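# Architecture and fold: a report
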Amino acid sequence: PTSAQLSAVPHSGRFCYTLDNDLLTTEQRQFYEDNGYLLIKKLVSDEEIERFRKEFMRICKGEVKPPGVMIMKDESLKSQFGQSEKVVNKVQDFQEDEELFRYCTLPEVLKYVECFTGPNIMAMHTMLINKLPDSDKQTFLHPMHQDLHYFPFRPASRIVCAWTAMERAHQDNGCLVVQPGTHKTTLKPHGYPKWEGKTNKLFHGLLDEDEKIPKVHLVMERGDTVFFHPLLIHGSGINRTPGFRKSISCHFASSECHYIDVKNTTQEHLEKELEEMVRKKYNATSVELKDIWNFRARLVQGERINL
């Protein structure tokens, strides 16, 4: 139970993207309705962030090996730095790592999540991003994209991402960039950007980006958390500093969401790529997209219904 229990007083359909609750102010709900994101300052404590950072370091060094976790590395740096944070760009699918998964269960995060998903909450997609400094050989810029491109479940309005800065994120180290209001659009075709030899696995981007839509750089302090809609167009810039830019995030969804078949949609090529990756990694003969998401998903609160 959280302080964001659904209240009995409906707002007569004024809000499409949040549920009635006792936590968000009318102004906050209206801001999310108009823009597709909501930034909450200093939500996660320094102590919690330090614990996540230490666990990330242990994973980098190979001291802990959580089942199912996907560690994304810059292979070109491996010979120089070996097993260290200087090589690891991302730890994905940490739902079986009890220390990192604590992020998904923090009451201060969940009480906001519930305003978007309702009381039955699944953690669907977990990531700790360690944005490495960009170089001539490799860029960790993430092209503008919509997260719903990756998800074979709906409805979109009952999915929300919580993204917490683990240190100050600003334009120089590649903070998040959003296009406010784009959550009201449809899911657009995505693919790999045409950067010679610099693309990262599964870093898909919009195939046709509208440069006229204004962009907002989300400058965030350590512990600041942004909640955003899966259709919001966003990305991250180049890290021009010698340091790393760490963040931890989870995509939450109502367990009442349902899986969809992505055959003959713009998501079909992603399905094939993911299934092939999982088949190779686990030497599996047949695997379906729904199986992959069933494995990734973990109940956080309430009852597991469809997902």
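Conventions adopted
Residues numbered from 1 in each chain as written. Predicted model: local features only at pLDDT ≥ 70, side-chain atom pairs only at ≥ 80, totals over all residues. Heavy atoms only, no water. Salt bridge = Lys/Arg side-chain N within 4 Å of Asp/Glu carboxyl O. Buried < 20%, exposed > 50% of the residue type's maximum accessible area, 1.4 Å probe, protein only. 1 Å grid on protein atoms, 1.4 Å probe; cavity = no way out; pocket = protein on both sides within 12 Å on 5 of 7 lines; lining within 4 Å. Points joined across faces, edges and corners; volume = space filled by probe spheres on them. Helix = DSSP H or I, 4+ residues; strand = E, 2+ residues; numbered from the N terminus. Nonpolar A, V, L, I, M, F, W, Y, C, P; charged D, E, K, R; others polar. Polar contact = N/O pair within 3.5 Å; in protein donor to acceptor, adjacent residues only side chain to side chain. Contact = heavy atoms within 4.5 Å.

## Here we look at the pattern of salt bridges
One side chain can pair with another of opposite charge once the charged atoms of both are near each other. If you walk through the whole model with that rule in mind, you get 16 salt bridges. One salt bridge connects Lys-263 with Glu-271, and the closest N-O pair in it is separated by 3.1 Å. Its relative accessible area of 42% is what places Lys-263 among the partly exposed residues. If you follow the salt bridges from partner to partner, you end up with Glu-48, Arg-51, Glu-99 and Arg-102 in one network.

## Structural notes on empty space enclosed by the protein
As enumerated under the stated definition, the model contains two cavities of 30 Å³ or more in all. As a volume, the largest cavity reaches approximately 410 Å³. Secondary structure elements with two or more residues in the lining of the largest cavity: strand S3 (88–92), strand S4 (121–131), strand S5 (142–145), strand S7 (159–165), strand S13 (234–236), strand S14 (245–254), helix H6 (268–282) and helix H7 (289–296). Top element by residues in the lining of the largest cavity is S4. It accounts for four residues. Taken together, the residues of the lining of the largest cavity sort by class into 15 nonpolar, ten polar and six charged.

## Concerning the layout of surface pockets
By volume, the largest pocket is sized at about 320 Å³. The wall of the largest pocket is formed by 21 residues, among which Leu-141, His-142, Pro-143, Met-144 and Glu-209 lie closest to the centre. If you list the elements that add at least two residues to the lining of the largest pocket, you get S5 and strand S10 (205–206). With three residues, the single largest contributor to the lining of the largest pocket is S5.

## Some points on unusual backbone geometry
Cis geometry is adopted by the peptide bond preceding Pro-155, which originates at Arg-154 and carries an omega value of 5°. The residue Pro-155 is located in the loop between strand S6 (153–154) and S7 in this model. Positive phi values are uncommon outside glycine, yet Lys-42 reaches one of about 45°. With respect to the helices and strands, the residue Lys-42 is situated in the loop between strand S1 (37–40) and helix H2 (46–60). Phi at Asp-93 takes a positive value of approximately 60°, unusual for a residue other than glycine. Residue position: Asp-93 is located in the loop between S3 and helix H4 (98–105).

## Overview of the side chain of Asn-239
Its place among the elements puts Asn-239 in the loop between S13 and S14. Polar side-chain contacts of Asn-239 include one of 3.5 Å to the backbone oxygen of Leu-132. If we skip the residues at most four places from it in the chain, Asn-239 touches Lys-131, Leu-132, Pro-133, Asp-134, Asp-172, Asn-173, Gly-174, Phe-244 and Arg-245.

## Structural notes on the environment of Met-122
Relative to the elements of secondary structure, Met-122 occurs in strand S4. Since its relative accessible area comes to 0%, Met-122 is described here as buried. Distance in space between the C-alpha atoms of Met-122 and Leu-307 is 7.6 Å, their sequence separation being 185 residues. Ignoring any residue separated from it by four or fewer positions in sequence, one finds Met-122 in contact with His-251, Phe-252, Ala-253, Ser-255, Ala-297, Arg-298, Leu-299, Val-300, Arg-304 and Leu-307.

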